[in-house]
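Understanding the architecture of this molecule
Each chain, written out:
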Amino acid sequence: MPARVKAPPPREVKGRRWGPRAAQKGMGSEQVPGTEPSPAAAPHFLQSMREWGGGQASWVPAPLAVGGGARPPCPGGSPRPFGFSQAEVKPEPRLGAGLAPARTGLACAFTPLSPAPRLAFGRERTGSPSRRRRARDGARGPGSRPSLSAPQTAMLPRGCPRALGAAALLLLLLLGFLLFGGDLECARRAWGGAGSFLCALAPRIPQDGRPRGAAALDRDPPTDPGGHNRSDCVLPRPLPPRCELLHVAIVCAGHHTSRDVVTLVKSLLFYRKNPLHLHLVADAVARNILETLFHTWMLPAVRVSFYDADEPQPQVSWIPNKHYSGLYGLMKLVLPGALPPDLARVIVLDTDVTFASDIAELWALFAHFSAPSCPPLPDEQVIGLVENQSDWYLGNLWRNHKPWPALGRGFNTGVILLWLDRLRQAGWEQMWKLTATQELLTLSATSLADQDIFNAVIKGHPALVQPLPCVWNVQLSDHTLAERCYLEAADIKAIHWNSPKKLRVKNKHVEFFRNLYLTFLEHDGNLLRRELFGCPSPRPPEAEQLQQALAQLNEEDACFEFRQQQLTVHRVHITFLPHEPPPPRPHDVTLVAQLSMDRLQMLEALCRHWPGPMSLALYLTDAEAQQFLRFVEASEVLSARQDVAYHVVYREGPLYPINQIRNVALAQALTPYVFLSDIDFLPAYSLYDYLRASIEQLELGSRRKAALVVPAFETLHYQFSFPTSKAELLALLDAGSVYTFRYHEWPRGHAPTDYARWREAQAPYRVQWAVDYEPYVVVPRDCPRYDPRFVGFGWNKVAHIMELDAQEYEFLVLPEAFTIHLPHTPSLDISRFRSSTTYRGCLQALKDEFLQDLSRHYGAAALKYLTALQQPEAP
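In what follows, the accompanying structure is described. (Residues numbered from 1 in each chain as written. Predicted model: local features only at pLDDT ≥ 70, side-chain atom pairs only at ≥ 80, totals over all residues. Heavy atoms only, no water.)

Helix and strand counts for the protein chain come out as 26 helices and 27 strands. By sequence separation, contacts in the protein chain at least 24 residues apart represent 77% of the contacts at least 6 residues apart. Approximately 38,200 Å² of the protein chain is accessible, and the part contributed by carbon and sulfur atoms is 54%. (Helix = DSSP H or I, 4+ residues; strand = E, 2+ residues; numbered from the N terminus. Contact = heavy atoms within 4.5 Å. Areas by Shrake-Rupley, 256 points an atom, 1.4 Å probe, with all protein chains shown as cover.)

Printed below as a string of structure tokens:
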């Protein structure tokens, strides 16, 4: 049993009580006797220790005391002192036992391994100059070390050699190490690594439960200039190991929050230097959207796991909730049970949070939670939160305003650090359910969803919470007090649009925050496919195959752009806007088309002509996607249509991947049949009803494999009176206002439709496939997909019709159906096709490859295509 080390008894000097901490005065900060030195003073103090003892002083962070005293963090260990104060210094204290004060604030505690020598600095010493000079001269001789104050010299005989003093100090250091060595490793493990830190972060929640800082601005003077829950010093936050996997949980439901998740993830990816594992608790809509998005995004070192948000709903559905987030706003309460049981820690984020810093810095704050105790105690720190930056929980916003109970201003749950295994051990589920049940006896419902219940639990168990620096959740509500935080902060780490108005919130600095948000909203997500060098992570098989295929391309090849474009995997955000699936009908038809930004003006007219469901794929940049969103929201026609599904394929590469875009729209159609059209065509007003009736009449489906041909026409007039019937169309055709499609430029594309026969037809008639035939057809939803190798202009529809014929679809021309092409400026790809022989040569190479693949797949049935294409063109 090591000998008990005694500190010198305190002495009274002119009304002041001097103890081991009092000698730390004069180190660059205005402090009262008996308090901790400031962080700025620590280097001077350590240097003086080295000068006096001839060696290096060792320091470790004080553990975070919970409640009114210290707790042993490991078997065989003993709690370390937070430091001596006036009230704590006793005549013979035992180092490491019973010296941890109550949690009175965020403090930087410098705790020596042995009793700190009381060095006298500055002007804080008492007594006359002559008295101090006599004490100094008697304590040192010529060439000796800096002077020791009188209390310190009592520890060493006056006049002893310098070596004796150094030896005594080393002995004290050794004894201190023996006393504390038993739990050093435990403390280091709790802090996430070896070594020691200069500061220990403790929350501003004292024993009396009354918060300090911004939580008590209306009652107590702030303990720091801004009055916020933050450290009193600049805390060194060692980042997690370079390749440590960081876990992030997000609850998302519906179309709007799915878009918000994308912006949030962009901000995370922009700054991150660690691998991420995203845990998404999502409903069926959000999961369908985000699974497709992340699958096509192909982000290195990012794992995504999905959890059914509907499964834990019964656990929270009994709680009345007035918040606009609805039932999903309560889901964070059940995360400890919904997430995998082996997941120990996770950062939980609202979808309306935007990061402006590396999330690893936030993850590092787990190290400031109280050290684990053995056995675990029910009041360990398990939740990290930023203080609520409004007066909501103070209850004085309006008359009869009665919020849920909270400590002072309470805490905001937009950004949470959850220590999951501690939560589970503490009985979190029983704790929050009991609290919610008790509060609902007097309160009708939650107003702020899970945040109300979190605060009510913390009110009863204040030791559970670890307050986080305010910069990690700058809240931008209408009545926010966040200005007190960000005007003092060196930098902002994360902003939170926690008002229902979101970006339209009233705030004098909102333009600054809006620009930060828009930076990521419109940022090209393709640029975030960055490798984390030095952090190897396995790629999905499809990503590995793609990388190998791209590596085999020859950049000197004249058709390199075509080869590269057809291998590109584009990010896809399906159902970009809210969408209501059509009710199931046996003969229903979805119009399928693709478009780019320069064809947006066609959408309103198309919606007027086609009253049925549509699946439209748009090829856009991230910034154009936001312009499209605003365009739809501003249009009365488009915003009223909930049966139109818009799918964004994000732009990447120099050529237009037309067939890839078509396949996205085709894959998302939900009706049994699809009308494969183009965005610059307007169908007859009655075509939707006519197609459904024709499908039923012709008994298509399992009995008959057919492609219904809709004859195509065109007009060269921008101002055009659209015909309402076949008779009106024929009159316009005879008058020269309407032509058969591409009659002057590409008659072979639609000649097999036999327009002369169509003029007189009263019933559907069959036509044969011919070279370059590319009609617009109605086919079953499970028809062959478009060949993705065809990018840019040329042969993209021709190849698809050829494959339909190879699969023995019969082509039936409908006598009352028609669609009309409207004029527009030529696309860039058409211009390149017409002007570049290289472009046309590459297109011919793609044709030859397609025919070879067709022959291999369909065998002898494909010989007719080879024969037909080898015949000379008719004059």
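Another point: the sheet that holds strand S18 (residues 644–650). Strand pairing in a sheet relies on backbone hydrogen bonds. The paired strands run either parallel or antiparallel. A sheet is described by the order of its strands in space; here nine strands give the open sequence S15-S18-S17-S16-S19-S25-S21-S26-S24, paired in mixed fashion. What marks the edges here is a single partner per strand, and that holds for strand S15 (572–573) and strand S24 (765–767). Here four bridges tie strand S16 (residues 589–596) to strand S19 (residues 673–676), and the two strands are oriented parallel to one another. Within S19, the residue paired with Val592 across the bridge is Leu676. Lying over the sheet, helix H17 (residues 622–634) contacts strand S17 (614–620) and S18, oriented at roughly 135 degrees with respect to S17. (Pairing = 2+ DSSP bridges. Axes fitted to C-alpha atoms, helices over the stretch in contact; angles between N-to-C directions.)

On to the nonpolar core. Within the largest apolar cluster, 112 residues are counted, with the highest numbers of intra-cluster contacts made by Leu616, Phe628 and Phe675. By residue number, the principal contributor to this core is helix H25 (residues 837–858), which donates eight residues. Each residue touching Leu616, except ones within four places of it in the same chain, is listed here: Leu591, Ala593, Leu595, Leu603, Leu606, Val644, Ala645, Tyr646, His647 and Ala665. Judged by nonpolar contacts, the second largest core, of 44 residues, contains Val262, Ile347, Leu349 and Phe369. (Core = buried A, V, L, I, M, F, W, Y, C linked by side-chain atoms within 4.5 Å. Buried < 20%, exposed > 50% of the residue type's maximum accessible area, 1.4 Å probe, protein only.)

If you want to describe how two helices pack, look at the angle between their axes and the distance between the axes. Two numbers describe how helix H23 (residues 796–806) lies on H25: the axes approach to 12 Å, and their chain directions differ by 15 degrees. Considering their axes alone, H23 and H25 lie roughly parallel with respect to each other. Crossing geometry of H23 relative to H25 is assigned as right-handed. Residue-level contacts link Ala799, Met802, Glu803 and Ala806 of H23 to Phe850, Leu851, Leu854 and Tyr858 of H25. Among the residues forming the contact of H23 with H25, the class breakdown is seven nonpolar, no polar and one charged. (Parallel < 35°, antiparallel > 145°, perpendicular 65-115°, else oblique. Left-handed = near helix turned anticlockwise from the far one by under 90°. Nonpolar A, V, L, I, M, F, W, Y, C, P; charged D, E, K, R; others polar.)

So, about the pattern of salt bridges. Under the definition given, this model contains 37 salt bridges. Notably, a salt bridge pairs Lys493 with Asp491, separated by 3.1 Å at the nearest N-O pair. For Asp491, a relative accessible area of 39% puts it in the partly exposed group. Close ionic contact of Glu561 with Arg832 constitutes a salt bridge, the shortest N to O distance being 3.2 Å. Here Glu561, found in helix H15 (residues 560–567), pairs with Arg832, found in helix H24 (residues 828–835); they are 271 residues apart in sequence, far enough to count as distant. Overall, the relative accessible area of 33% leaves Glu561 in the partly exposed class. (Salt bridge = Lys/Arg side-chain N within 4 Å of Asp/Glu carboxyl O.)

The next subject is the sheet that holds strand S14 (residues 494–496). Sheet architecture is open: three strands sit in the order S9-S14-S13, paired in mixed fashion. Whereas interior strands pair on both sides, the edge strands pair on one side only; in this sheet they are strand S9 (353–355) and strand S13 (474–475). Of the strands in this sheet, S9, S13 and S14 are in contact with helix H13 (residues 510–521), which crosses S9 at around 80 degrees.

This next bit is on the environment of His496. Along the chain, His496 turns up in strand S14. Its relative accessible area of 2% is what places His496 among the buried residues. Apart from the residues within four sequence positions on either side, His496 is in contact with Asp350, Asp352, Val353, Asn412, Gly414, Asn473, Val474, Gln475 and Leu476.

Bear in mind that shape data such as this cannot, by itself, settle questions of function.
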